Amino acid sequence: MEKQNSLSELLAIMAKLRDPQSGCPWDLKQDFNSIVPHTLEEAYEVADCIERGDYTELKAELGDLLFQVVFYAQLAKEQALFDFDDVVSVLNNKLIRRHPHVFADQQALTDTQVAQQWQQIKAQERKDKNTGEATSLWQDIPVNLPALSKAKKIQQRVAGLGFDWPTYHGALDKVAEEVDEVKEALAVDPYSEHTAEELGDLLFATVNVARHIKRDPEQLLRSANDKFSSRFQKVQAYLQVKGQSLDTASLEEMDAAWEAIKKQP
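Here's what I pulled together on the structure shown here.

Cut-off values and rules
- Residue numbers restart at each chain and count upward from 1, following the sequence in its written direction.
- Whole-chain, interface and lining totals are the exception, using all residues; otherwise, since this is a predicted model, local features are given only for residues with pLDDT of at least 70 and side-chain atom pairs are given and counted only at 80 or more.
- For the side-chain quantities, the full set of heavy atoms in the structure was used; hydrogens and water were omitted.
- Strands here are runs of E lasting at least two residues and helices are runs of H or I lasting at least four, both read from the DSSP assignment and numbered beginning at the N terminus.
- Given a helix with a known number of residues, its expected span is that number minus one, times 1.5 Å.
- Here's how the labels work: a residue is buried when its accessible area is under 20% of the maximum for its type, exposed when over 50%, partly exposed in between, all with a 1.4 Å probe on protein chains only.
- Should any heavy atoms of two residues lie within 4.5 Å, those residues are counted as being in contact.
- By construction, the arc corresponds to the directions joining the helix axis to the C-beta atoms.
- Pairing of aromatic rings covers Phe, Tyr and the six-membered ring of Trp, with a centre-to-centre limit of 6.5 Å; geometry is then stacked below 30 degrees between planes, edge-to-face above 60, and tilted otherwise.

## Overview of helix α10 (residues 193-212)
Helix length check: α10 (20 residues) gives 29 Å between terminal C-alpha atoms against 28 Å at 1.5 Å per residue, within 8%. Residues of α10 that are buried: Thr195, Glu198, Leu202, Ala205, Val207, Asn208, Val209, Ala210, Arg211 and His212. Residues of α10 that are buried make contact with α8 (147-159), α9 (168-188) and α11 (217-241). Just downstream of α10, Lys214 is the residue with a positive phi angle, here 60°.

Here it is, written out as structure tokens:
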């Protein structure tokens with residue numbers, strides 16, 4: 001009961017913030033579009049907490065993310081579009097519909113079979129939404145989704161239709177093939193559109209390997225970014241101990257420092 005009261009209190013707070021007479025000026029001037037950047041920021045902050053293992057802060061960040069949902073629901077309620085209960089109801093129905101192996105026939109499926117079933121169900125949902133119209137495989141993939149995540153979603157979509165390598169080996173061979181094609185394009189003209197296209201194909205193929213080993217490409221690249229940044233900061237400190245700086249050190253000296261840092265436990 002206490003948890004239900006907490007949610008009711010949250011919805012009441014949101015309504016108060018949007019009260020035309022006594023609400024918050026900042027909250028009152030917001031609309032659907034203006035809230036989007038905040039939603040994206042809060043989602044990244046949740047991801048950051050999880051990747052850093054900061055589960056104490058995660059509780060607060062999840063609350064901030066939930067507030068975004070509540071805000072959208074309040075805006076919709078004011079426009080007589082839907083309310084928070086409608087959001088939850090649609091979610092409940094979707095979860096039950098997309099998990100028939102749990103809520104209906106209760107079949108024991110592997111995670112691969114579940115993924116295939118998921119794509120089949122979503123394909124049917126797209127078909128149902130577009131009765132009488134030609135359906136697009138990509139229509140529910142957000143246009144502005146980060147490119148690595150979008151590549152993964154596209155690959156998952158076609159994999160659900162059976163267009164996929166049986167194992168990661170085929171995907172890895174494709175990466176090697178794309179590397180060769182990039183080398184050929186660079187040899188002809190490093191700055192050509194063809195070279196840029198081949199580099200894009202290489203990135204797309206690399207995402208496919210990550211997907212096959214059940215890794216998220218966005219998370220992998222964020223980790224690689226953090227790893228490089230942390231190591232380069234250590235390079236800076238290493239050079240300072242030797243009386244040098246990044247501004248004065250040569251490439252050879254920075255490279256030597258980099259190799260020394262890599263060997264540290």
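So, next bit.
## Re helix α12 (residues 251-263)
In this model, α12 (13 residues) spans 19 Å end to end at C-alpha, consistent with the 18 Å of a helix rising 1.5 Å per residue. Buried within α12 are the following residues: Ala257, Trp258 and Ile261. Down the axis of α12, the smallest arc covering the buried residues is 105°, so these residues share one side. Within α12, the exposed residues directed more than 90 degrees away from the buried face are Glu252 and Lys263.

## Some words on the packing of aromatic side chains
Counted according to the given criterion, the structure contains five aromatic pairs. Between Phe232 and Trp258 the ring centres are 6.5 Å apart and the planes differ by 50°, which places this aromatic pair in the tilted class. Highlighted residues: Phe232 in helix α11 and Trp258 in helix α12, separated in sequence by 26 residues. On the accessibility criterion, Phe232 (30% relative accessible area) is partly exposed. Taking the relative accessible area as the measure of exposure, Trp258 reaches 18% and is therefore buried. Members of the aromatic cluster, each reached through a chain of ring pairs, are Phe228, Phe232 and Trp258.

Without other data, these values stay purely geometric and don't point to any function.
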